[in-house]
Amino acid sequence: MRPCGTFDIGYAQDMAIVRTRLQWVMWMGFLVFLFSLPAYCSESLLTVIYTIAVSVVAVFGLYILTGLCGQLSVGHAAFIGVGAFTTGILASKFGWPFWAAIPCAGLSAGIGGVVFGLPSLRIKGFYLAMATLAAQFIIMWIIRYPAKSLTGGPGGLTVPYASLGNIIFDNPRSLYYLIMLVTVIMGLSAKNISRTRPGRAFIAIRDNDLAAEVMGINLVYYKLLAFFLGCFYAGVAGSLWAYYMIFINPFQFSLDKSVWYVGMLIVGGMGSATGAIFGTITLLGLGEILTVATPAISRVFPDIADTLFTAGTKVLFGVIIVLFLIFEPRGISHRWEIFKASYRLHPYTY
Amino acid sequence: MTILIQVAVNGIMVGGLYALIALGVVLIYKSCSIFNFAQGALLMIGAYFCWQLLVRFGLPLWLSFIGTIGFATIMGLIIERFCLRPLIGQPILSAVMLTLALGYAIDGIVLLVWGGTEQLFPVFPRTPIVLGNISLSQEYLWSFVIALILFGVIAAFFRFTMSGLQMRAVAEDHQVARSLGVKVTQVFAQTWVMAAIVAAIGGILLGSLQGISTTMSMDGLTAFPVVLLGGLESTLGAIVAGPLIGLIENLGALYLDPIVGGGIKQVAPFVVMLVVLIVKPFGLFGQKRIERI
């Protein structure tokens, strides 16, 4: 819905992501706000923000794979793990700088994604979800046992801090800039994908794959491309994860993480990049609130103090995802669209 | 050779349990076409509830068993009415995600109520039966027998009772079933109750074998390869594929673990599942549907 008096007078304008001057101003304002945060925020708040940003990158990948192309993946955490361990190995054993390790982590996860995306040529829907579930277990097993000499097995791996010349990204403020820069770049390209040829092809495949094939879309190529891109994002997220966690082990990339990532996409709304951001902020924000509230609740119920956080996260996330699936399957981004339409039309109703 | 036979026998016995878990999944898929990822969690909450009645409240076994069945019935009804029924007509992805999220929510509830410590849960006699060189642990044998009996009961239920027939009709076609006077929603509710009861029994058996802990819902995951190998709609498939998967993972662990360094037992079922998905997605006994991609 456009505000009154805004018209497109050319194809370029019709395709544009940012349409009006006001939107440009707001975007720039937002970016300035985002990158000026370290100047006046506490370090713990910055940590929370960049933790969410890393998950946002991962969910962007899922948005391309599941939201645009309709290929459900419940093994996303495993591909994040591939990215994290690639970074870990490249940085700690070969001393690669971060600007080379991050793309390589993306590439290795992307290639892994293509391998496990191969079944998508033969099966779809629920069966494909099972194949990605298998991917989750098989990848984690490879990291834990056969590749033990490289990855450190269940013991994990210590990653050196990212550094650029004299700058070492070892404190929340500098890490914030590194992670935010990557997140913004990845976010803009994720937003951009939906209006390119591959993006349109993904949407066509999601809506009806037979019809898409009839229209001349090469299903094999585009499905695998979706897997490659989705897992590339996962790999980049994993790489960032490795740089801020510093210590990585296979247990950080378990099945429940995979489920939560899909959950974030659902809570935010499947078919929109903005939704991916909304969903991640909602779920992880609630998780943070739980972290803060845990000591207070454990004082009231001391019996459950030691399991409260793990169990609480499961119950909270599980229940929220269930509620969204039942009451608002189109997610927060749908509500956001309704809100935007209403203020653009104000004071009229249509 | 003795080791080989011993490992194989153990595998088949554990497989009986997998078959039992898979049976619950197949039951639901047969009539609702929903794959229940929460089966492992249902299993766990059933086991914990029975343990609560038996050990903490000190009730006799038969009474706590009946109590658990009652609890499972209520659980099944609640899940069907409040979670799955609103999703009728929604895309498959919603149902998959819903059962996954529900499973984790139940996991969390169990962890909150009963804590994370592992508990012993003795139901069966522990002395093993020795046949020649092979020892058969009695509790595995018991659970295998119970799995077979349950399979027989369910097969008979589908063949000889009116509600079984109704379930098959609903599985075939909702609209036809409706026009013949079958209440589809009621059948769904019955199915979930049955699946929850099967899960609870499976949970009691599994708990009596290895103690109850919060990793039980992960054991439930092993049922998925079993279901896919056997075929989604086939109870016979579940009963055949269960021991098969048990055999594969135990033999794999025996021969391959020294080579790759371990973990075969956990990963082998999923490798089998991936192969099945690529080669023969409808499984050994499933209905062959033509699904062009």
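See the structure above.
This is a predicted model, so every value here is computed, not measured. (Residues numbered from 1 in each chain as written. Chains lettered and ligands numbered in written order. Predicted model: local features only at pLDDT ≥ 70, side-chain atom pairs only at ≥ 80, totals over all residues. Heavy atoms only, no water.)

### Observations regarding the overall build of chain A
Here's step 1: When helices and strands are tallied, chain A shows 15 helices and four strands.
Here's step 2: Computed over the C-alpha atoms, the radius of gyration of chain A is 21 Å, within 12% of the 20 Å expected from 2.2 N^0.38 for a compact globule of 350 residues.
Here's step 3: Principal-axis analysis of the C-alpha atoms places the extent of chain A at approximately 60 × 50 × 50 Å.
Here's step 4: Within chain A, counting contacts between residues at least 6 apart in sequence, those at least 24 apart form 75% of the total.
Here's step 5: Accessible surface computed for chain A: about 15800 Å², of which carbon and sulfur atoms make up 70%.
Here's step 6: Charge separation in chain A, taken as the distance between the mean sites of 22 positive and 13 negative side-chain charges, equals 5 Å. (Helix = DSSP H or I, 4+ residues; strand = E, 2+ residues; numbered from the N terminus. Rg over C-alpha atoms; globule rule 2.2 N^0.38 Å. Contact = heavy atoms within 4.5 Å. Areas by Shrake-Rupley, 256 points an atom, 1.4 Å probe, with all protein chains shown as cover. Lys, Arg positive; Asp, Glu negative; His and termini not counted. Charge placed at Lys NZ, Arg CZ, Asp CG, Glu CD.)

### Side note on the interface of chain B and chain A
Here's step 1: Contact residues are listed per partner, giving 48 residues for chain B and 47 residues for chain A.
Here's step 2: In total, about 4100 Å² of surface goes out of reach between chain B and chain A, with carbon and sulfur atoms giving 81% of it.
Here's step 3: Across the chain B-chain A interface, the total number found is one salt bridge.
Here's step 4: When the shortest N-O distance is used, the salt bridge between Asp107 of chain B and Lys314 of chain A registers 3.7 Å.
Here's step 5: Every element with two or more residues in the side of chain B that touches chain A is listed here: α3 (61-84), α4 (92-114), α10 (223-230) and α12 (264-279) of chain B.
Here's step 6: Sort the elements by how many residues they give to the side of chain B that touches chain A and α4 of chain B lands first, with 16 residues.
Here's step 7: Grouping the amino acids of the side of chain B that touches chain A by side-chain chemistry returns 35 nonpolar, eight polar and five charged. (Buried area = accessible area lost by both parts, 1.4 Å probe. Salt bridge = Lys/Arg side-chain N within 4 Å of Asp/Glu carboxyl O. Nonpolar A, V, L, I, M, F, W, Y, C, P; charged D, E, K, R; others polar.)

### Describing the packing of helix α4 (residues 76-93) of chain A against helix α6 (residues 126-144) of chain A
Residues and elements named next belong to chain A.
Here's step 1: At a minimum axis separation of 8 Å, α4 and α6 run at an interaxial angle of 25°. When the interaxial angle is binned, α4 and α6 end up roughly parallel. Crossing of α4 against α6: the hand is left-handed. Contacts between α4 and α6 pair His76, Ala77, Ala78, Phe79, Gly81, Val82 and Phe85 from the former with Ala135, Gln136, Ile139, Met140 and Ile143 from the latter.
Here's step 2: Considered class by class, the residues forming the contact of α4 with α6 number nine nonpolar, three polar and no charged. (Axes fitted to C-alpha atoms, helices over the stretch in contact; angles between N-to-C directions. Parallel < 35°, antiparallel > 145°, perpendicular 65-115°, else oblique. Left-handed = near helix turned anticlockwise from the far one by under 90°.)

### Observations concerning the packing of aromatic side chains
Here's step 1: A full pass over the atoms with the stated rule returns 27 aromatic pairs over all chains.
Here's step 2: Here Trp27 of chain A and Phe30 of chain A contribute two aromatic rings whose centre-to-centre distance is 6.3 Å and whose plane-to-plane angle is 85°, an arrangement assigned as edge-to-face. Here Trp27 of chain A pairs with Phe30 of chain A, and both are found in helix α2 (residues 21-40), just three residues apart, close to one helical turn.
Here's step 3: Geometrically, the ring pair formed by Tyr50 of chain A and Tyr244 of chain A is edge-to-face, given 5.3 Å between the ring centres and 65° between the ring planes. Pair noted here: Tyr50 of chain A is in helix α3 (residues 43-68) and Tyr244 of chain A is in helix α11 (residues 219-245), with a separation of 194 residues, a long-range link. Accessibility assignment for this pair places Tyr50 of chain A and Tyr244 of chain A in one class, buried.
Here's step 4: The aromatic ring of Phe158 of chain B is capped on one face by Lys30 of chain B, whose charged end is 5.1 Å from the ring centroid.
Here's step 5: One Lys or Arg, Arg81 of chain B, reaches over the ring of Phe82 of chain B and ends 6.0 Å from the middle of that ring. (Phe/Tyr/Trp six-rings, centres within 6.5 Å; stacked < 30°, edge-to-face > 60°. Buried < 20%, exposed > 50% of the residue type's maximum accessible area, 1.4 Å probe, protein only. Lys NZ or Arg CZ within 6 Å of the ring centre and 35° of its normal.)

### Quick notes on the environment of Thr280 of chain A
Residue and element names in this part refer to chain A.
Here's step 1: If you trace the backbone, Thr280 turns up in helix α13 (residues 273-300).
Here's step 2: Given the relative accessible area of 0%, Thr280 is considered buried.
Here's step 3: Those residues within four positions of Thr280 in sequence are excluded, and the remaining contacts are Ile52, Ser55, Val56, Val59, Met264 and Gly285.

### Considering the side chain of Gln252 of chain A
Here's step 1: If you trace the backbone, Gln252 of chain A turns up in the loop between β4 (247-248) and α12 (255-268).
Here's step 2: The residues contacting Gln252 of chain A, other than those within four sequence positions of it, are Trp241, Met245, Phe247 and Lys257 of chain A.

### Topic: helix α5 (residues 138-160) of chain B
Here's step 1: Between its first and last C-alpha, α5 of chain B extends 32 Å over 23 residues, near the 33 Å set by a 1.5 Å rise per residue.
Here's step 2: Those residues of α5 of chain B that are buried lie in contact with α1 (2-32), β1 (129-131), β2 (134-136), α6 (162-172), α8 (184-210) and α11 (235-260) of chain B. (Expected span 1.5 Å × (residues − 1).)

### Regarding a nonpolar patch on the surface
Here's step 1: A cluster of nonpolar side chains, Leu236, Val240, Leu244, Ile248, Leu284 and Phe285 of chain B, forms an exposed patch at the surface whose accessible area comes to about 450 Å².
Here's step 2: The residue Val240 of chain B is located in helix α11 in this model. (Patch = residues over 30% accessible without salt bridge, like charges linked within 9 Å, V, L, I, M, F, W, Y side chains within 5 Å.)

### Looking at the side chain of Ser217 of chain B
Residues and elements named next belong to chain B.
Here's step 1: Its place among the elements puts Ser217 in helix α9 (residues 216-221).
Here's step 2: By relative accessible area, which is 10% here, Ser217 ends up buried.
Here's step 3: Among the polar contacts made by the side chain of Ser217, one reaches the side chain of Asp107 at a distance of 3.1 Å.
Here's step 4: Residue contacts for Ser217: discarding those within four places in its chain leaves Gly40, Ala41, Met44 and Asp107. (Polar contact = N/O pair within 3.5 Å; in protein donor to acceptor, adjacent residues only side chain to side chain.)

Remember that the coordinates give geometry; whether it matters functionally is a separate question.
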